[in-house]
Amino acid sequence: MYSADAGRVETTPGSELHFIHQDLALIGQLTAAENLALARGAGAAAFAPYGDRSRGDRARELIARFGPEFDVDIPVQALSPAQRAIVAISRARDGWIHSANVLFLDEPTESLHKNEVEVLFEAVRKLAAEGTGIVFVSHRLDEMLALSHRVVVLRDGRKVADGKVADIDESRLVHLIAAAEVEAEHRREAAEPGEVALDVRGLSGSNVANFGLRVRAGEVVGIAGVLGSGRETVPALLYGAVESEAERFRIAGKPYERRSPAESLRRGIVFAPADRAALGTVREMSARENLTLPHLQLVRGRFGHISPGAERARTAAVLNDFDVKPRNTEQRIALFSGGNQQKIVIARSLHNDPRLLLFDEPTQGVDVGAKASIYSAIARGAADGAAVVVSSSDAKELLAICDRVIVMRDGSAAASFEGDDLTEQQLIAAGYGLP
């Protein structure tokens, strides 16, 4: 029996399976105490005031088991991602008859920074020490090997490996998942850049101040930096999704002053945001509709109407070209895996010969096979003449796909690296202001 309130499936008497889904299923406007109380149900306290003090006490008691205390009386949306994950674990753990249950965690670290990951892992280890079975579903192989005792590998819906962590390493995992050797230290071969496609000086907005950037056609430039450095805001500023001011902003030599997403599309600028669920896709629409929505002019018939045949043919070709599975043009995009959703978002970005490609965390939450496909797509966009800007928290990713990387710190560009100076150590040191 499945119960949506606590994400629970009964198996044998007294034993249960508990699930924490990737989106956590918390109500952001409610407090942690209210979210926990909502999962338990009203029961005998149906007519008690909603802010009953006992609810806060109960929430603090549950949360204290998994790490440092935090305010349970503020909206969950104001908590850090790690704290929200702790609320979800506390909700799943509440009311267990005994500890011999199984907790499933689906991509729990996707939105967490490195220091927050350890907070979550400590909570998971405490549960395991009490006898709880943990199933940790993740694309982050280093985290899986650090946390797990045993690893099961799935590929195309089939189990291809099952063994102890002590008997496997990351390179072997990559091979099993991707069904091919993926070169861990792959580096992009520098191409001869073309004309200046993007020329920005004195860009300011949100948490970014006085930022400058020049990118040539065919060049891939990375934006690195710790969370909050401004790195994660730059693509949205360049796209016009976040209000900004600039001393100079030119696309292919032409001034671009009143920036907006609609005008950016008209000028050949496309943006693939990090939060594909909320910002990158229309969840209730099909793969076909998501792929063609920003480019309807490509599938219009003689009298301006959308041609269903042209739309389906174009979508089927894209799904095949990017190896999207399943190749069902009418399947709702929310039902595709995270990696296949991201492939669709990236494929849509490459439609109609874009002039400037902007990516924020392009491979967040995807497996190594999808990651390789996305890297190839980005390289393809640059080879076709687009200027490319990639913001990422993954230093290895930036090393693999970029010609040059700018490191952000405190809202401004702190350093720039290319050629032999472009190393993971340099990126990390510059991000933290170390010599």
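Bear in mind the structure is a predicted one, so any value in this text is a computation, not a measurement.

One open sheet accounts for four strands, arranged β9-β8-β11-β12; its pairing is antiparallel. Edge positions in the open sheet fall to β9 (208-216) and β12 (254-255), since each of these has one partner strand only. As judged from the two bridges shared by strand β11 (residues 248-251) and β12, these two strands associate in the antiparallel manner. Residue pairing across strands places Ile 251 opposite Lys 254, the latter belonging to β12.

The next subject is the sheet that holds strand β13 (residues 269-272). Taking strand neighbours across the sheet as the criterion, the six strands line up as β13-β14-β15-β10-β16-β17 in an open arrangement whose pairing is mixed. At either end of the open sheet lies a strand with only one pairing partner, and these are β13 and β17 (412-418). Averaged over all pairs of adjacent strands, the angle between strand axes in this sheet comes to 20°, irrespective of strand direction. Lying over the sheet, helix α12 (residues 338-349) contacts β13 and β14 (356-360), oriented at roughly 170° with respect to β13. Lying on the sheet, helix α15 (residues 424-431) is in contact with β16 (404-409) and β17; it crosses β16 at an angle near 20°.

Residues three or four positions apart in an α-helix share a direction because the helix packs 3.6 residues into each turn. Between its first and last C-alpha, helix α13 (residues 368-383) extends 22 Å over 16 residues, near the 22 Å set by a 1.5 Å rise per residue. Those residues of α13 that fall on the buried side of the exposure criterion are Val 368, Ala 370, Ile 374, Tyr 375, Ala 377, Ile 378, Gly 381 and Ala 382. Positive phi shows up at Gly 385, right after α13, with a value of about 110°.

Bringing helix α11 (residues 308-321) into the picture now. Taking 1.5 Å of rise per residue, the 14 residues of α11 would be expected to cover 20 Å, and the 20 Å separating its terminal C-alpha atoms lies within 8% of that figure. When α11 is considered as a whole, its buried residues turn out to be Glu 311, Thr 315, Val 318 and Leu 319. Burial along α11 is one-sided: seen end-on, the buried residues are contained in an arc of 100°. Against α10 (287-292) and α12 lie the buried residues of α11.

Turning to the pattern of salt bridges, a few remarks are in order. Following the criterion strictly, the structure yields 22 salt bridges and no others. Linking Arg 266 and Glu 263 is a salt bridge whose minimum nitrogen-to-oxygen distance equals 3.0 Å. Placement of both Arg 266 and Glu 263 in helix α8 (residues 261-266) is noted, with a separation of three residues, approximately one turn of the helix. For Glu 284, the salt bridge is made with Arg 332, and the minimal N-O distance between the two is 3.4 Å. Placement of the pair is Glu 284 in the loop between α9 (276-280) and α10 and Arg 332 in the loop between α11 and α12, with a sequence separation of 48 residues. Residue Arg 332 is classed as partly exposed on the basis of its relative accessible area, which comes to 29%. One salt-bridge network, held together by shared partners, links Asp 57, Arg 60 and Asp 73.

The next subject is the nonpolar core. Formed by 41 residues in total, the largest nonpolar core has its most connected members in Ile 344, Phe 359, Val 388 and Leu 427. Counting residues per element, this core draws most heavily on α13, at six residues. Apart from residues no more than four positions distant in its own chain, Ile 344 is found in contact with Ala 287, Leu 291, Leu 319, Val 324, Ile 333 and Phe 336. Membership of the second largest hydrophobic core comes to 33 residues, among which are Ala 32, Leu 36, Ile 86 and Leu 127.

Definitions and limits used
- Residues numbered from 1 in each chain as written.
- Predicted model: local features only at pLDDT ≥ 70, side-chain atom pairs only at ≥ 80, totals over all residues.
- Heavy atoms only, no water.
- Pairing = 2+ DSSP bridges.
- Helix = DSSP H or I, 4+ residues; strand = E, 2+ residues; numbered from the N terminus.
- Axes fitted to C-alpha atoms, helices over the stretch in contact; angles between N-to-C directions.
- Contact = heavy atoms within 4.5 Å.
- Expected span 1.5 Å × (residues − 1).
- Buried < 20%, exposed > 50% of the residue type's maximum accessible area, 1.4 Å probe, protein only.
- Arc of directions from axis to C-beta.
- Salt bridge = Lys/Arg side-chain N within 4 Å of Asp/Glu carboxyl O.
- Core = buried A, V, L, I, M, F, W, Y, C linked by side-chain atoms within 4.5 Å.

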